[in-house]
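Chain by chain, the residues run as shown.
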Amino acid sequence: MTEPKVIMSLMFFTMAFAFYAATALFYIGYWLLRREWIGQTATIMAYIAALATTMVLIARAGESGHAPFSNLYESMILFVWAITIGYLWLEHRYKIKVIGAFVMTISFLAVLSASLLPYRFKSVEPLNPALQSKWKWLVGILEPMGLERYAIGWLDFHVFTTFIGYAAFAIAFGLSIMYLLKERFEARKKGNFLVDSFPETRILDELSYRGIALGFPFLSLGIISGAIWANYAWGTYWSWDPKETWSLITWFVYAAYLHARVTRGWRGKKSAYLSIAGFIAVVFLYWGVSFILPGLHAYA
Amino acid sequence: MKKRAWYGSVWRFFASVKLTIFVLIALALSSIIGTVIEQNQPIESYYIEYGERWGDIIRTLQLDDMYHSVWFVAQLVLLMINIIACTYERFPPKWRSLLRKVDDFDPSIIDRFSNREAIELGATLGRARDRVIEVLRKNRYKIKLDRSQGDEVKLYASRGLIGRFGSDITHVSLFVIIIGAIYGSFWGYRDFRPILVGSMIRVPDADFALRLDKFWIDYYDTGQIRQYNSLLTVIEDGKEVLTKQIWVNEPLYYKGIRFYQSSYGTSWNRIKEAEIALKRLDSNKVDPPFSVKWGEVSKVPGSKYSVRLVGYVSDFAFDERTRTVFSKSGETNNPAVQIEVYNGEDLIARPWLFFNFPGLIHAIPGTQYDLVLMGFRTIPYSGISITKDPGTNVVWVGTGIMGIGFFLAFFVYHRRIWVSIKASGNGTIVRMGGVINKNPLGFEREFKDIVEAVKETDSRA
């Protein structure tokens, strides 16, 4: 067992990497050159990248024998997967491809940083004692069919909901950047080829809000399921460990954002800044805490 | 009069959403401090790490335990006051206006909505009305008003009214969670007990005892640790009530108290048995060892002596003041056993035998015999965390309410559509206008679909 069997997932990861690079390039190309065929190619690339990411997750689950959410590398892939699926849904629904130039670039940067992770964050490891939690009712249902090893638990639920939240915030972040760019040029009342193809600020603002309005309940679910799990593992649902505290900081920022939208003077620009601040908090919550601050949550 | 104005402005301050935003941002920013400065360390360590000036600041501002400091809790209290004030100010009028029965409306309001449409239908007034109602119902709208006045029919329909109360339910849930957290922190406790295998402890603040029957570790094939397990038995009034195997993530729960697997080790003050050998100092020869059980007497083979095993420390230390031996840590750094040496019935010595330093103390003074500690069998213990938090269930109820609140607030939108149908020549003119409280882009689409459906039914007829 010295050589971990990660060949399949590595193969799909390499494929995904290439397609994310192409996707980001084509979307940026579409944004700058505005050729329809570039945009169509970008969308096709994005679908293939999404499929490859799905395959990485499936292969990884097969290789490790548990849900593929147990270390930083796997969570990055889940993050990228959720951003891409979210974006493709957005594109399908609103037909605004220029957003891909921003959102799919975030996906690509995330894949790039996942590929740069040191080996110890990527290896397939059996779960340590604190990470083993399965829902007993689910084990009970699956056991008669002999499938009990596929049962999931609070850990899987916690990671999954948290990363849906992160991905929604990432999309909202991309949209907020676009909003600010568009808003800046509109304030000068001058056309600019960079932002002319952007949708109206009203739409960017609204879509960004939709992202956060989706991410916020998922982040909350992630925090709550983490608390439930902590209560099982450590006997306390909240211990102010850096990861917990940063999740709460992020929660406060987005709660401020949601309230800002109710107040007239805080709409638009100020709430776009809050959305960006919120995503910076997410990045720190996700990477900063894992690498800089010590704590119970050190493994991912 | 002046006094009331003063009172009013204070009230407006506490009931403003701006205050909410500021408090939330202040909470976010100030919470960072506690993730950078390590919490709950002895106060001296802050002076050592940050120097005297910053040490003073940390102590004064209670930054060593900032999440329980007066100023941090004050922010939370301010947020709570803000929520109460906002709810008190906004909820009753909202409730009244949302639940007010619509008896009639002025059709000119339809022109004020950004989502509006006027369609000409070939159908009669009655048929047009039936069609619009059918389409609205198909889109899961409830018809709240259906009123005919001469050649005009007015309809008002809505959907997802309950979504409007999502934010209020969420605010209530925050309250429940905080009340649960406060309740638990006052009436709960957190404790830790190492229990030796086979021994029993009294559970603090409870009328039962707990016995550890067994402790063991499971491994993966690769040798990595898979799980730590303890078999615990609850004993109440001298009777065994319940036996359960616990492991990390799987505590024992009994009468409001949870017992968690949290660490393990070997005993520092007791052993099962010791292996001791007789050493002949004249020939420097060591006999084969014999074993002696804890508290029991064994004959020393090949001599007239016998020994009783009476003491053990895993890390030998001696307190000069009280002249007692103790173990200075739980580690097995300097293990030693104490024995009583008997010559027949007479106690002749009570030496300590050191595992690492054989011969340090002559065990049978004045003779050519010494005793050497060759080995010992320790007793494993399992470290059990004991927590009682009667507020936990309240917190879970709160999170459940929060889930409902979020669902309503973020996924149920309040849509309202006003319709005026007027006879015109052979057909009718249908004017529709609608609003939604959230998700305007989605509503634009839905509104168009509804309008299209109304048109389509006409062409079908």
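Residues numbered from 1 in each chain as written. Chains lettered and ligands numbered in written order. Predicted model: local features only at pLDDT ≥ 70, side-chain atom pairs only at ≥ 80, totals over all residues. Heavy atoms only, no water.

In terms of helices and strands, chain B carries 8 helices and 22 strands. For 461 residues, the compact-globule estimate of 2.2 N^0.38 gives 23 Å, and the C-alpha radius of gyration of chain B, at 40 Å, exceeds that figure by more than 25%. Overall, chain B is about 135 × 60 × 45 Å in size when its C-alpha atoms are taken along their principal axes. Across the 461 residues of chain B, 43% fall into the buried class. (Helix = DSSP H or I, 4+ residues; strand = E, 2+ residues; numbered from the N terminus. Rg over C-alpha atoms; globule rule 2.2 N^0.38 Å. Buried < 20%, exposed > 50% of the residue type's maximum accessible area, 1.4 Å probe, protein only.)

If charged atoms from side chains of opposite charge come close, those side chains can pair. Applying the stated rule across the entire model yields 26 salt bridges over all chains. In this structure, the salt-bridge partner of Arg431(B) is Asp111(B), at a minimum N-O distance of 3.3 Å. Of the two residues, Arg431(B) is situated in strand β22 (residues 427–436) and Asp111(B) in the loop between α4 (70–99) and β1 (115–121); the sequence distance between them amounts to 320 residues. Given the relative accessible area of 21%, Arg431(B) is considered partly exposed. One salt bridge connects Lys138(B) with Glu134(B), and the closest N-O pair in it is separated by 3.8 Å. In this pair, Lys138(B) and Glu134(B) both sit in helix α5 (residues 125–138), 4 residues apart, roughly one turn of the helix. Judged by its relative accessible area of 64%, Lys138(B) falls in the exposed class. Through salt bridges that share partners, Glu200(A), Arg202(A) and Glu444(B) make up one connected network. (Salt bridge = Lys/Arg side-chain N within 4 Å of Asp/Glu carboxyl O.)

Moving on: empty space enclosed by the protein. Residues and elements named next belong to chain B. Applying the stated criterion to the full structure yields 4 cavities of 30 Å³ or more. Considering the residues around the second largest cavity, the lining is formed by Trp352, Leu353, Phe354, Phe357, Pro358, Gly359, Leu360, Ile361, Leu371, Val372 and Leu373. Counting residues per element, the ones that place at least two in the lining of the second largest cavity are β19 (352–354) and β20 (369–388). Its residues assigned to classes, the lining of the second largest cavity shows 10 nonpolar, 1 polar and no charged. (1 Å grid on protein atoms, 1.4 Å probe; cavity = no way out; pocket = protein on both sides within 12 Å on 5 of 7 lines; lining within 4 Å. Points joined across faces, edges and corners; volume = space filled by probe spheres on them. Nonpolar A, V, L, I, M, F, W, Y, C, P; charged D, E, K, R; others polar.)

Residue and element names in this part refer to chain A. Contact geometry of helix α1 (residues 7–33) with helix α3 (residues 72–94) gives a least axis separation of 13 Å together with a crossing angle of 40°. Between α1 and α3, the angle falls in the class oblique. Of the two possible hands of crossing, α1 and α3 adopt the one that is left-handed. For the pair formed by α1 and α3, the contact residues are Phe13, Tyr20 and Tyr27 on the first element and Tyr73, Ile77, Val80, Thr84, Tyr87 and Glu91 on the second. (Axes fitted to C-alpha atoms, helices over the stretch in contact; angles between N-to-C directions. Parallel < 35°, antiparallel > 145°, perpendicular 65-115°, else oblique. Left-handed = near helix turned anticlockwise from the far one by under 90°. Contact = heavy atoms within 4.5 Å.)

Before going further, it helps to examine the pairing of strand β10 (residues 257–280) of chain B. All names here are of chain B. The pairing of strand β9 (residues 252–254) with β10 spans 3 bridges and is classified as antiparallel. From the neighbouring strand, Tyr253 faces β10, where its bridge partner is Arg258. In this structure, the hairpin formed by β9 and β10 is closed by a connection of 2 residues, where Lys255 is found at a positive phi of approximately 50°. As judged from the 17 bridges shared by β10 and β20, these two strands associate in the antiparallel manner. Across the sheet, Gln261 pairs through a bridge with Ile384, a residue of β20. Bridge count between β10 and strand β11 (residues 285–286): 2 bridges; the pairing is antiparallel. For Arg280, the partnering residue across the bridge sits in β11 and is Lys285. With antiparallel pairing between neighbouring strands as the criterion, β10 and β11 make up a hairpin whose turn holds 4 residues, including Asn284 at a positive phi of roughly 60°. (Pairing = 2+ DSSP bridges.)

Take α5(B) next. Spanning 14 residues, α5(B) covers 20 Å between terminal C-alpha atoms, matching the ideal 20 Å at 1.5 Å per step. Burial in α5(B) covers these residues: Leu125(B), Ala128(B), Arg131(B), Val132(B), Ile133(B), Val135(B) and Leu136(B). (Expected span 1.5 Å × (residues − 1).)

Grouped together as the largest cluster of nonpolar side chains are 127 residues, with contacts concentrated most on Phe79(A), Ile99(A), Leu207(A) and Trp251(A). A total of 16 residues in this core trace back to one element, the largest contributor, which is helix α6 (residues 154–187) of chain A. With 24 residues, the next largest nonpolar core counts Val132(B), Ile133(B), Val135(B) and Ile450(B) among its residues. (Core = buried A, V, L, I, M, F, W, Y, C linked by side-chain atoms within 4.5 Å.)

Turning to the sheet that holds strand β6 (residues 209–219) of chain B, a few remarks are in order. Residue and element names in this part refer to chain B. The 4 strands lie next to each other as β5-β6-β7-β8, forming an open sheet whose pairing is antiparallel. Taken across any chain shown, the strands that pair with only one partner, and hence form the sheet edges, are β5 (200–202) and β8 (239–247). For this sheet, the mean angle separating the axes of adjacent strands, direction not counted, is 25°. When β5 meets β6, the two strands line up antiparallel, connected through 3 bridges. Paired with Ile201 across the bridge in β6 is Leu210.

What follows concerns the layout of surface pockets. Empty space within the second largest pocket amounts to approximately 1500 Å³. In this structure, the second largest pocket is lined by 50 residues; those nearest its centre are Tyr209(A), Leu258(A), Arg261(A), Val262(A) and Lys438(B). Put simply, the parts of the chain that give the lining of the second largest pocket at least two residues each are α8 (201–233) and α9 (242–260) of chain A together with α2 (17–36), α4, α6 (166–187), α7 (392–411), β22 and α8 (440–460) of chain B. At 10 residues, the largest contribution of residues to the lining of the second largest pocket is made by α4(B).

A separate point is the sheet that holds β22(B). Paired through backbone hydrogen bonds, the strands of a sheet run either parallel or antiparallel to each other. All names here are of chain B. Pairing is antiparallel in the open sheet, where 5 strands are placed in the order β1-β22-β21-β3-β2. Strand pairing shows two members of the sheet lacking a second neighbour, β1 and β2 (142–149), which therefore form its edges. Going across the sheet, the axis of each strand differs from the next one's by a mean of 15°, ignoring polarity. The pairing of strand β3 (residues 152–159) with strand β21 (residues 415–424) spans 8 bridges and is classified as antiparallel. Bridged to Tyr156 within β21 is Trp418.

Next up on the list: unusual backbone geometry. Glycine aside, residues mostly have negative phi, and peptide bonds are mostly found in the trans state. All names here are of chain B. The phi torsion at Asn284 lies on the positive side, around 60°, for a residue other than glycine. With respect to the secondary-structure elements, Asn284 resides in the loop between β10 and β11. By relative accessible area, Asn284 is classed as exposed at 54%.

The next subject is the domain arrangement of chain B. Interfaces are frequently sized by the accessible area removed from exposure as the parts join. For chain B, the assigned domains read domain 1 (2–97), domain 2 (113–160 + 413–460), domain 3 (170–266 + 383–405) and domain 4 (268–379). Each of domain 1 of chain B and domain 2 of chain B has a C-alpha centre, and the two are 49 Å apart. (Domains from an automatic or database assignment.)

Let's shift gears to the side chain of Thr162(A). Residue and element names in this part refer to chain A. Within the element layout of this structure, Thr162 appears in helix α6. Classification of Thr162 as buried rests on a relative accessible area of 9%. Look past the residues within four positions of Thr162 in its chain and what remains in contact with it is Phe218 and Gly222.

Residue and element names in this part refer to chain A. Where α3 meets α6, the closest approach of the two axes is 8 Å, and the angle between their N-to-C directions is 50°. Taken together, the axes of α3 and α6 lie oblique to each other. Crossing geometry of α3 relative to α6 is assigned as right-handed. Where α3 abuts α6, its residues Ser75, Leu78, Phe79, Trp81, Ala82, Ile83, Gly86, Tyr87 and Leu90 lie against Val159, Phe160, Phe163, Ile164, Tyr166, Ala167, Ala170 and Ile171. Class assignment of the residues belonging to the contact of α3 with α6 gives a composition of 15 nonpolar, 2 polar and no charged.

Bringing the interface of chain A and chain B into the picture now. Across the contact, 51 residues belong to chain A and 52 residues belong to chain B. Carbon and sulfur atoms supply 67% of the area that chain A and chain B bury against each other, a total of about 4400 Å² over both sides. Between Arg202(A) and Glu444(B) there is a salt bridge whose closest N-O contact spans 3.5 Å. In this structure, the connection of chain A to chain B is made through 6 residue pairs in polar contact (both at pLDDT 80 or more). Listing elements by their share of the side of chain A that touches chain B, those giving two or more residues are α3, α8 and α9 of chain A. (Buried area = accessible area lost by both parts, 1.4 Å probe. Polar contact = N/O pair within 3.5 Å; in protein donor to acceptor, adjacent residues only side chain to side chain.)

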